[in-house]
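Here is how the chains run, residue by residue.
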Amino acid sequence: MLLTGLKEKYNTHFTQGNLNNHIGVPITLIRIEEGCEAVVCEMGMSGKGEIEYLTGLVRPNLAVITNIGTMHIEHLGSQEGILKAKMEIVEGMGNNGVLVLNGDDALLQTQRNATDKKVVYFGNQNQTNDVLGYHVKQEESVLSFDVKAENTDRRKATHLHVFSNVRHCKKTTPTNSPEPAFIRFFILLFARYILPLQ
């Protein structure tokens, strides 16, 4: 989704397939061509220290963490261990780096003061989010919502088209978690409208 938003404005290179590990990330970086203005590089991990290594290669100025789930919990022991591993992303960020976190995720909510990087929270449940989606409605393949960012009402996100897999995501998502469709489209919104305001 970040790619979808950025490529409308910038010549953007991105991770293809699942090249998101210690082999795939260098391949992604080597393939960057002259004239590239933005890179969307997915970094995956299954254990401690992996994101720290990858972020040292990528050196991102913006990072997005959408949730703290249970994938690879057998290697990291707990969701808190997963949180710590994902937060390694800040180790490779410069002084002006921006960390974008899902503020509706209880574990990510605890990270605002855990880093010296600028943290921007997004979501549609926690009223303290820096960027808040509200009036979220989904009908068939259309998701619509309004967005409030930095006390300014922005209504540019209404009636965005949702890709066909959203119906599947909605059916398989626990009722106590944010809809993956909303998270994906918030990231799109962030890239299109909010990032240029930073």
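Note that the structure is predicted; figures quoted are calculated from it, not measured.

Draft legend 1. View of the overall build of the protein. A count of helices and strands for the protein gives 7 helices and 9 strands. Classification of the 198 residues of the protein by burial places 44% in the buried group. In the protein, once contacts between residues fewer than 6 apart in sequence are set aside, the share between residues at least 24 apart is 50%.

Draft legend 2. The arrangement of the nonpolar core in detail. M43, I65, I68, I89, L99 and L101 are the most contacted members of the largest nonpolar core, which totals 24 residues. Listing elements by their share of this core, those giving two or more residues are α3 (50-58), β3 (62-65), α5 (79-86), β4 (98-102) and β5 (118-123). Beyond its immediate chain neighbours, meaning those up to four positions away, M43 contacts N20, V25, I51, L54, T55, V58, P60 and I89. The next biggest cluster of nonpolar side chains, apart from the first, holds 14 residues, and it includes A38, V98, V100 and V147.

Draft legend 3. Broad picture of unusual backbone geometry. In this structure, R59 takes a positive phi of about 55° despite not being glycine. When you line up the elements, R59 lands in the loop between α3 and β3. Its identity is not glycine, yet H72 carries a phi of approximately 70°, on the positive side. Within the secondary structure layout, H72 lies in the loop between β3 and α4 (73-76). By relative accessible area, H72 is classed as partly exposed at 25%.

Draft legend 4. Representation of the pattern of salt bridges. Summed over the entire model, instances satisfying the criterion amount to 2 salt bridges. Between D130 and R112 there is a salt bridge, with its nearest N and O atoms 3.2 Å apart. On the criterion of sequence distance, the pair formed by D130 in the loop between β5 and β6 (131-139) and R112 in the loop between β4 and β5 is long-range, its members being 18 residues apart. A relative accessible area of 33% places R112 in the partly exposed class. When the shortest N-O distance is used, the salt bridge between K117 and D116 registers 3.1 Å.

Draft legend 5. Expanded view of α3. Listing the buried residues of α3 in full gives I51, L54, T55 and V58. The buried residues of α3 all sit within an arc of 100° when viewed along its axis, so they share a single face.

Draft legend 6. A look at the environment of E80. Summarising the element assignment, E80 is placed in helix α5. With a relative accessible area of 48%, E80 lands in the partly exposed category. A C-alpha to C-alpha distance of 9.8 Å links E80 and G69, two positions 11 residues apart in sequence.

Draft legend 7. Representation of the pairing of β4 within the structure. Burial within β4 is extensive, with 5 of its 5 residues counted as buried. Side-chain alternation along β4 places V98, V100 and N102 on one buried face and L99 and L101 on a second face that is also buried. Of the strand pairs in this sheet, β3 and β4 are connected by 4 bridges, and their pairing is parallel. Its bridge partner being in β4, I65 is matched across the sheet by L101. Where β4 and β5 come together, 5 bridges link them in parallel fashion. Note that in β5 the partner of N102 across the bridge is F122.

Thresholds, definitions, all that
Residues numbered from 1 in each chain as written. Predicted model: local features only at pLDDT ≥ 70, side-chain atom pairs only at ≥ 80, totals over all residues. Heavy atoms only, no water. Helix = DSSP H or I, 4+ residues; strand = E, 2+ residues; numbered from the N terminus. Buried < 20%, exposed > 50% of the residue type's maximum accessible area, 1.4 Å probe, protein only. Contact = heavy atoms within 4.5 Å. Core = buried A, V, L, I, M, F, W, Y, C linked by side-chain atoms within 4.5 Å. Salt bridge = Lys/Arg side-chain N within 4 Å of Asp/Glu carboxyl O. Arc of directions from axis to C-beta. Pairing = 2+ DSSP bridges.

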